[in-house]
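Structural description and commentary
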Amino acid sequence: MKKTFVKFAAVAALGTALGTAVFAQDYPGKEIQGIIQWGAGGSTDTVMRTVTPHAEEVLGGKVVMKNMTGGVGAIATKFVYAQNPDGYTLLMGAENPLLYKVMGLGDIDYSEFTPINILARGVPILVANNDAPFDTFDEMVEYIQAHPNEVKFGSTGPGGLPSVVTSMIASKTELPVTQVPYDGDGPALTALQGGAVDVMPAVLGAAIEAIRGGRIKAITLIDNKPTEVLPDLPALGETHPEYADYFPWGPFFGVFVKNGTPDDVVAKLTEAYAEGAKSEDFVKLMADRGYIVESLSGQEAQDFLTKWQSLTTWLLHDAGETKASPEEFGIPKP
Amino acid sequence: MQALEYFLIPWLDLKLLFLVAAGTFAGVYVGAIPGLSVTMAVSILIGFTFTWDVYPALCLMVGIFMGGVYGGSRTAILLNIPGAPSAIATAMDGYPLAQKGLAGEAIGLSTVMSFVGGLIGIVVLAIAAPTVSEFALVFQPRDYMLLAVLGILLVGSLSGESLVKGIFAGSVGLLIGTVGLDPLTAEERFTFGFTGLWGGISFIAVMIGMFGVSEALMQLHHVDKAAVKQKISRIVPNWSSIRRYLPLSLQTSSIGVLIGALPGTGGDIAALMAYDHAKRVTRDPEVPFGQGAKEGLVAPETANNAAVGGAFIPMLTLGIPGDAVTAIMIGALYIHGLNPGPMLMIEQPQMFWFITGALVLANIFMLIFGLTGIRIFTKIVEMPRAVLIPLILLLSIVGAYAVNNSISDVYWMLGFGVLGYFMKSYGYQLGPVILGVILSRLLDENWRRAIISEQDSIAGLFKGMLTSPLSLVLLAAVVLIFVSQTPLWRGVRGKLGLESKP
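Keep in mind that this is a model prediction, so the values were computed, not measured. (Residues numbered from 1 in each chain as written. Chains lettered and ligands numbered in written order. Predicted model: local features only at pLDDT ≥ 70, side-chain atom pairs only at ≥ 80, totals over all residues.)

**Some remarks on the overall build of chain B**
When its secondary structure is counted, chain B shows 24 helices and two strands. A compact globule built from 502 residues would reach a C-alpha radius of gyration of about 23 Å, and chain B, at 22 Å, matches this within 12%. Considered along the principal axes of its C-alpha atoms, chain B spans approximately 60 × 60 × 55 Å. Taken across its 502 residues, chain B has 56% of its residues classed as buried. (Helix = DSSP H or I, 4+ residues; strand = E, 2+ residues; numbered from the N terminus. Rg over C-alpha atoms; globule rule 2.2 N^0.38 Å. Buried ≥ 20, exposed ≤ 12 C-beta atoms within 10 Å, placed from the backbone.)

**Quick word on the interface of chain A and chain B**
Each side of the interface is counted separately: chain A has 39 residues, and chain B has 39 residues. Elements with a minimum of two residues in the side of chain A that touches chain B: α2 (43–59), β2 (63–67), α3 (74–81), β7 (178–181), α7 (185–194), α8 (204–212) and α11 (280–288) of chain A. Element by element, the count of residues in the side of chain A that touches chain B is highest for α2(A), at five residues. Of the residues contributing to the side of chain A that touches chain B, the split by class is 15 nonpolar, 14 polar and 10 charged. (Contact = placed C-beta atoms within 7 Å. Nonpolar A, V, L, I, M, F, W, Y, C, P; charged D, E, K, R; others polar.)

**Overview of the packing of helix α11 (residues 203–219) of chain B against helix α19 (residues 385–404) of chain B**
All names here are of chain B. Between α11 and α19, whose axes approach to 10 Å, the crossing angle comes to 170°. As summarised for this structure, α11 and α19 are arranged roughly antiparallel, according to the angle between their axes. Taken together, the residues of α19 that come into contact with α11 (itself represented by Ile204, Ala205, Ile208, Gly212, Val213, Glu215, Ala216 and Gln219) are Arg385, Ile389, Ile392, Leu393, Leu395, Ser396, Gly399, Ala400 and Val403. Taken together, the residues that form the contact of α11 with α19 break down as 11 nonpolar, four polar and two charged. (Axes fitted to C-alpha atoms, helices over the stretch in contact; angles between N-to-C directions. Parallel < 35°, antiparallel > 145°, perpendicular 65-115°, else oblique.)

**A closer look at the environment of A:Gly290**
Residue and element names in this part refer to chain A. Within the element layout of this structure, glycine 290 appears in the loop between α11 and β11 (291–296). Given 21 C-beta atoms within a 10 Å radius, glycine 290 is considered buried. For the pair glycine 290 and leucine 230, spaced 60 residues apart in sequence, the C-alpha to C-alpha distance is 9.2 Å. For glycine 290, the contacting residues outside a window of four places in its chain are Val123, Leu204, Gly205, Ile208, Thr227 and Val229.

**Some details on the environment of B:Ile46**
Among the secondary structure elements, B:Ile46 is positioned in helix α4 (residues 38–48). The residues contacting B:Ile46, other than those within four sequence positions of it, are A:Ala40, A:Arg49, B:Ile328, B:Gly331, B:Ala332 and B:Ile335.

Shown next as structure tokens:
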């Protein structure tokens, strides 16, 4: 019995090895599936659909993209996790999975995946309704402290960008605000224009057109240096150095494969997406929307993810927004 | 005039003209097949038209949108399976008409009325877009909540013989709508630990099961009865009947444009509200509502197509999507290097007029494609039941699967089909269930947002409602409609000597 098993295992191992060898050589031998965590037309979707056609050229194969929404991206993440690690299913996602563990949304996050490319990073910005009685960060904080809980901050639920930025600010000063949750930054920014919320921490790319059109006003950039898109807007890290250590921080977009994917397949995909990130279309789209192209892969990408997760989870934990301590999952303190 | 020049771009370029026509044609059939939605078609097109120029891509999308919203009425009338959520209200009186042998006339009327509604929507878009979008922004969470309550009160007109059963059915719908991760806090609700339930129960699966499968099961009772012979003498409604429904269609189209322009509500809610409005204002319909009243067909069909123009209003003026389809189109504009937002109309005025032009064109093609081929379609209803019932089941299964390519959606659909069959057998109407599912999220989210905004103070919420003119009007409408459905109202009416509605 035991012997048979060993024999069987040996044959199976050989088969797998052979299979992998053959397979990596002519990868991609069939259509690759790209699973996008967020809906069609959203920022993750736009980024992936812009960069992928250029990556396809290098890859010499077809990547069929599909939106699989729900559970703040957890459904797509679980789906890709359940597939074979053969490089034929890519996970195209944003930053959210790094928070799943502490938010109680399951125990699968990007540590189960190998980053192919961290394409770009968004810069958060604090925007306010035009009628809000403050124009600068200091005026805002002063007003909020004078009127506790009266100022409404738009949010996208626990763990979303607005809640992280709000926690960052609140970690260094008193910030008694009421957070009103919306389905996403789009609806929340709409509510901001209509006055249903007063202030919104949003990603620059989502707010930029409304700022240019004079529909909402920018308070401060949540970064260490001003952006080219809004050169006159002060950066919080410059005006208030106590925050500088947090930055640069922001949402990001990345392409991943499940751990265990053959190294040469990972290498091929990495090369393809690195080329794609250099394409004119992608660079222009990112510049227009105020995103910063990162194009990180390998160890660099891994370090980026580790740092991001450690900073953000602990920040949220200290603000009392998490369900479980990052410590339980061995996430080091920043 | 510059605007006219831009408006005519899709009319004068043969390729663009063809693409609008092709899009509309495809839309009519995508819309007619339950489970294939316009949202899905447009998201597929984003990938497909990636390398195209922006004009041809938009032509195709606009065509699909217009055609698809209309197409949903086809299967609603013929088979009682709404092809799209915006055709749910259409099924309520459209299907009874088909059962009377008037399918051809019903489709003809719905086509012409969709055209009228679509046109009104576009006219409002063209002349009053900035005003309407400013108005749409005034809606606060409490106003959306009141709007949802107003919608829930529709249960009164959808429950058939028993209001209590209607309220029960509506509550079941609301409950179904709450399953999944809480949209505000990502907390699990009624998921019983299954990850598969995180995304909630597919509303389309519920709809197809409740309408399609339960109808097929009902029909099994009289499988030996001969099918209804369809009269196909008159398809295009004559001018006098169009004129008769014109005042009503103006009102319902206005409802459609406004609901369509509100971010967060779309054609489905617009059509249901219009149906309710028609029922309220029609003094003496030739046939009672629910048994094939033409007003019950005119109202939702004008409203859902008017909502198309409405949805473009906030999109083109502010870069805010009016519904799911325009949300995807905004993404498409980004991919094509345009920046949809408040500056779009100033920096790229041609986009506004180009889309308006393409919409008018799509509306015309919708009329043409809608009025041709009706004879062949009505033959579907004449098929023997032994063929028709399996066909309905097949269509339901394919449709439910197509929504998310998920087999569990098919199981849900079948389960709700059986539930719907028993509910029908015991005199429960299914309309309120669907209504509950549609409105569940709108009500849930906005009630909580409203109360969070007032720092959990009920008094503060009421103060807000009473001091804002818009909330006050909505609150008054809620109270009025609620009271008008109680015996108290009938008593008062009787005392005043007012004629009461049948």
